[in-house]
Amino acid sequence: MNILGKACRTVLKERLQSAFRRSASQTPIEKSEWDAIIVGGGHNGLVAAAYLAKKRAKVLVLERRKVLGGAAVTEELIAGFHFSRASYVQSLLRPEIVKELKLAKHGYSVIARNPSSFTPLSDGKSYLFLSPDVEFCKEQIAKFSNEDATKYPQYLQWLSKLCRLVEPFFDEAPYDALYDDISRLTLAEKWSSYRAGFHLLRESVSSRREMTEFFELLFSNSAKTLKSWFHSEPLLSTLATDSIIGTMAGPDTPGTGYVLLHHVLGGDWSYVRGGMGSLSQSLASVAVEAGAVIQTDTVVKSILVDEIQGKVKGVETMDGRSIFSRCVLSNADPKRTFLTLCPKGSLPEQFLSKIRNLDFRSPVFKINVALNKLPHFRCFPKRQTFEGEPTTLAAGPEHKGTIHLGSDNLNMIEKAYKDCSAHHRPSAVPIVEMTIPSAVDPTLAPRGQAVAGLFVQYVPYDAPWEDNNFKKAFVDRVFSLVEDYAPGFIESVIGYDALSPKDLERVFGLTEGNIFHGALSLDQLYSLRPVAGYSRYRTPIPGLYICGSGAHPGGGVSGAPGRNCSKVVLRDLKRNAEGLSLQRAFSLWKR
């Protein structure tokens, strides 16, 4: 399996490199005329590129790093160890994208996680597994509460109903009452906006109870919502982690109810075979096959705007090249797009003021760790032998899903949040989501060894992360926490890559280290994302679009912003082309 996986990864990589070489051997990009330039080769940018290219648009993708994928990358940071360096699991990727782009034919596949989560308790004795198998979950929950075990299937059904209410809104541009040029909307766009509204109206009539409960969840905090269903720990804390992941908030913070719903919309979380970069490579393969040109290691310095007409005309790269196009799609976050890339004076001050005030606070610290063996958790029986090697622990169910550490109960999570937010310092006892994808995908690590990801909360952005001693002290604190649950972890560490919020900003271009391109708060969702009046992927500058997670429906590896934006761009390109044809015909008639 290991050899086969590496062979598949090598073939896909060589195919992409060959396509990039062919692209590079053609006319220099600055001497070509492009229909669309996409700034940033993150997964949403690649989704948009694939859809545009498949409709025969001439597309150029410019990625500043040498590796494609934005935050969805696989990197060999330590020889033989392949890490999903930033994002690490997937569930939200829209099934329409997988089907329409035929991603499976381009190497994309996922590995189901069963069990899906493991929560060991600090007493060293108790633990909770959750799984896609509901009966198994009931058995696990019954160890703590028979009543909660009985309610759990009903809770899943309830969440499923609420997801049914929300999901149609993911795949269309939002209805935006403040959009200032309704005349620009095509009939298809108007219908797509109203269709979601009709869906909500229909559900309001036929499912009044679910609608009421949906709005309760939307405006509530996750602790209140979960406590209305359950009373036992660690079930409450395990479920609550979905509501605070990547969010500078605790379970008692209003609005975390929606974050909980956002993270269950895709169903069960899985690993991408070969790491998250395999998804990005598959998307790039589709785009290149359709005719798109992708150029890495190319930094965009600014977006070019015609000073007279006020329209986008292309981009300027850091090495001084001007590349012209009919439109530009920015896969960068809204702050980086509008405050850094757009020229001064090209945007209304009122708009810029709203962008400056967007909430980009991030609590995230990511550590990628190479291990010489799998960790052994105190609360779980130790199994010996790995194909005859008695000193090596074999992979067990506790290694396959997300491992929740430091979150035995809701109070521990809330305390960690308040410790950071109130004192403006990293949490004394942080919350850790640990994943060990090599336990189910042996292509990621050498035989008998492992890669682990530690997704840690809570930390402030403006702590002195440039001080190596300060940063190392926090890493040591996290490792000590893991050691408490899994003795021997520290001595098993071969090496690690630690990413503070400032590192996430520097390496991946994530402003303030925010993994969602802006908080998933109620005032930054749907027609308010990124700001009211500009939620339909168009911006105040004609020809400039935003296609990343800073646009609706927000963060996570869903591809929805890229797909939705590509629909808007294609309509505009078609309409503009028709307008130019009519103008040219009228000019000839006058002659």
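Residues numbered from 1 in each chain as written. Predicted model: local features only at pLDDT ≥ 70, side-chain atom pairs only at ≥ 80, totals over all residues. Heavy atoms only, no water.

If you look the protein up in an unreviewed UniProt entry, it shows as Pyridine nucleotide-disulfide oxidoreductase domain-containing protein 2 from Galdieria yellowstonensis. Looking at the protein in UniProt, the text filed under Subunit (unreviewed entry) is "Interacts with COX5B; this interaction may contribute to localize PYROXD2 to the inner face of the inner mitochondrial membrane." (UniProt positions renumbered as here; feature names shortened; annotations may be inferred.)

K.L.:
In this structure, what is going on with the overall build of the protein? I would like to understand it.
P.N.:
A count of helical and extended segments in the protein gives 17 helices and 18 strands. When burial is assessed residue by residue, the protein has 58% of its 591 residues classed as buried. For the protein, restricting intrachain contacts to residue pairs at least 6 apart in sequence, the fraction spanning at least 24 positions comes to 73%. Of the accessible surface of the protein, which amounts to about 25,000 Å², a share of 53% is contributed by carbon and sulfur atoms. (Helix = DSSP H or I, 4+ residues; strand = E, 2+ residues; numbered from the N terminus. Buried < 20%, exposed > 50% of the residue type's maximum accessible area, 1.4 Å probe, protein only. Contact = heavy atoms within 4.5 Å. Areas by Shrake-Rupley, 256 points an atom, 1.4 Å probe, with all protein chains shown as cover.)

K.L.:
Help me out: how do you make sense of unusual backbone geometry in this one?
P.N.:
With the exception of glycine, the majority of residues adopt a negative phi angle, and the majority of peptide bonds are in the trans configuration. Here arginine 529 and proline 530 are connected by a cis peptide whose omega angle stands at 0°. In this structure, proline 530 sits in the loop between α16 (501–508) and β18 (544–546). The residue after histidine 552, namely proline 553, is reached through a cis peptide bond having omega 5°. Assignment of secondary structure puts proline 553 in the loop between β18 and α17 (560–590). At aspartate 297, a residue that is not glycine, the phi angle is positive and equals roughly 55°. Relative to the helices and strands, aspartate 297 resides in the loop between β9 (293–295) and β10 (300–305).

K.L.:
Would you mind going over the nonpolar core with me for this structure?
P.N.:
As a rule of thumb, nonpolar side chains are buried together in soluble globular proteins. Judged by nonpolar contacts, the single largest core of 70 residues is most densely connected at Val59, Leu103, Leu329 and Phe338. Discounting chain neighbours no more than four positions away, the residues touching leucine 329 are Ala36, Ile37, Ile38, Val39, Ala48, Leu52, Tyr545, Cys547, Cys565 and Val569. Counting 52 residues, the second-largest nonpolar core is a separate cluster that includes Val73, Cys163, Trp229 and Tyr258. (Core = buried A, V, L, I, M, F, W, Y, C linked by side-chain atoms within 4.5 Å.)

K.L.:
Explanation requested: the side chain of serine 280 in the structure shown.
P.N.:
Within the secondary structure, serine 280 is located in helix α11 (residues 276–289). Residue classification places serine 280 among the buried positions, given a relative accessible area of 0%. Within polar-contact distance, the side chain of serine 280 engages the backbone oxygen of alanine 72 at 2.6 Å. Once residues within four sequence positions are removed from consideration, serine 280 is found in contact with His43, Leu46, Leu68, Gly69 and Ala72. (Polar contact = N/O pair within 3.5 Å; in protein donor to acceptor, adjacent residues only side chain to side chain.)

K.L.:
When you look at helix α2 (residues 43–54) in this model, what are you seeing that I'm missing?
P.N.:
Residues lying three or four places apart along an α-helix face the same way, a consequence of the helix completing one turn every 3.6 residues. Spanning 12 residues, α2 covers 16 Å between terminal C-alpha atoms, matching the ideal 16 Å at 1.5 Å per step. Burial analysis of α2 places 11 of its 12 residues in the buried class, the great majority of the element. Listed as buried for α2 are His43, Asn44, Gly45, Leu46, Val47, Ala48, Ala49, Ala50, Tyr51, Leu52 and Ala53. Arginine 56, located one to two residues past α2, shows a positive phi value of around 70°. (Expected span 1.5 Å × (residues − 1).)

K.L.:
When you look at the pattern of salt bridges in this model, what are you seeing that I'm missing?
P.N.:
A side chain with one charge can pair with a side chain of the opposite charge if their charged atoms come near. By the definition in use, this model includes 24 salt bridges. Between lysine 335 and glutamate 512 there is a salt bridge, with the nearest N and O atoms lying 3.8 Å from each other. Taken together, the positions of lysine 335 in helix α12 (residues 334–341) and glutamate 512 in the loop between α16 and β18 put the pair 177 residues apart, joining distant regions of the chain. The buried category is assigned to lysine 335, whose relative accessible area is 12%. Here arginine 538 and aspartate 572 are joined by a salt bridge, their closest N and O atoms 2.9 Å apart. (Salt bridge = Lys/Arg side-chain N within 4 Å of Asp/Glu carboxyl O.)

K.L.:
Would you mind going over the packing of helix α4 (residues 134–142) against helix α5 (residues 146–166) with me for this structure?
P.N.:
Packed helices, taken two at a time, are described by the angle their axes make and the gap between the axes. Where α4 contacts α5, the two axes come as close as 7 Å, and the packing angle between them is 150°. Considered as vectors, α4 and α5 are oriented roughly antiparallel to each other. Remark: the crossing between α4 and α5 carries right-handed chirality. Packed against α4, whose contacting residues are Val134, Cys137, Lys138, Ile141 and Ala142, the element α5 presents Asn146, Asp148, Ala149, Tyr152, Pro153 and Leu156 at the interface. In terms of residue class, the contact of α4 with α5 is made up of 8 nonpolar, 1 polar and 2 charged. (Axes fitted to C-alpha atoms, helices over the stretch in contact; angles between N-to-C directions. Parallel < 35°, antiparallel > 145°, perpendicular 65-115°, else oblique. Left-handed = near helix turned anticlockwise from the far one by under 90°. Nonpolar A, V, L, I, M, F, W, Y, C, P; charged D, E, K, R; others polar.)

K.L.:
Would you mind showing me how to read the sheet that holds strand β13 (residues 365–371) here?
P.N.:
Each strand in a sheet pairs with another by means of backbone hydrogen bonds, the pair being arranged parallel or else antiparallel. Strand order in the open sheet formed by 7 strands is β7-β6-β14-β15-β16-β13-β17, and the pairing between neighbours is mixed. A single partner strand is all that each edge strand has here, and the edge strands are β7 (127–130) and β17 (493–499). Within the sheet, the average angular offset between the axes of one strand and its neighbour, ignoring direction, is 20°. In the sheet, β13 pairs with strand β16 (residues 450–457) via 7 bridges, with the strands oriented antiparallel. Each bridged residue has a counterpart across the sheet, and for phenylalanine 365 the counterpart in β16 is valine 456. (Pairing = 2+ DSSP bridges.)

K.L.:
What exactly am I supposed to notice about the pairing of strand β4 (residues 81–84) here?
P.N.:
Note on strand geometry: in a regular strand, side chains alternate between the two faces of the sheet. On β4, burial covers both faces: Phe81 and Phe83 on one face and His82 and Ser84 on the other are all buried. When strand β3 (residues 74–78) meets β4, the two strands line up antiparallel, connected through 3 bridges. Bridged to threonine 74 within β4 is serine 84. In sequence, β3 turns back onto β4 through a hairpin of 2 residues, with glycine 80 there showing a positive phi of about 90°.

K.L.:
Explain the packing of aromatic side chains to me, please; I cannot follow it from the model alone.
P.N.:
One pass over the full model with this rule turns up 27 aromatic pairs. Ring geometry for tryptophan 158 against tryptophan 229: centres 5.4 Å apart, planes inclined by 45°, an arrangement best described as tilted. Residue tryptophan 158 is found in helix α5, and its partner tryptophan 229 is found in the loop between α8 (222–227) and α9 (235–244); the two are separated by 71 residues along the sequence. Residues tryptophan 158 and tryptophan 229 agree in their burial class; the two are buried. Measuring from ring centre to ring centre gives 5.5 Å for phenylalanine 479 and phenylalanine 489, while their planes differ by 75°; the resulting arrangement is edge-to-face. (Phe/Tyr/Trp six-rings, centres within 6.5 Å; stacked < 30°, edge-to-face > 60°.)

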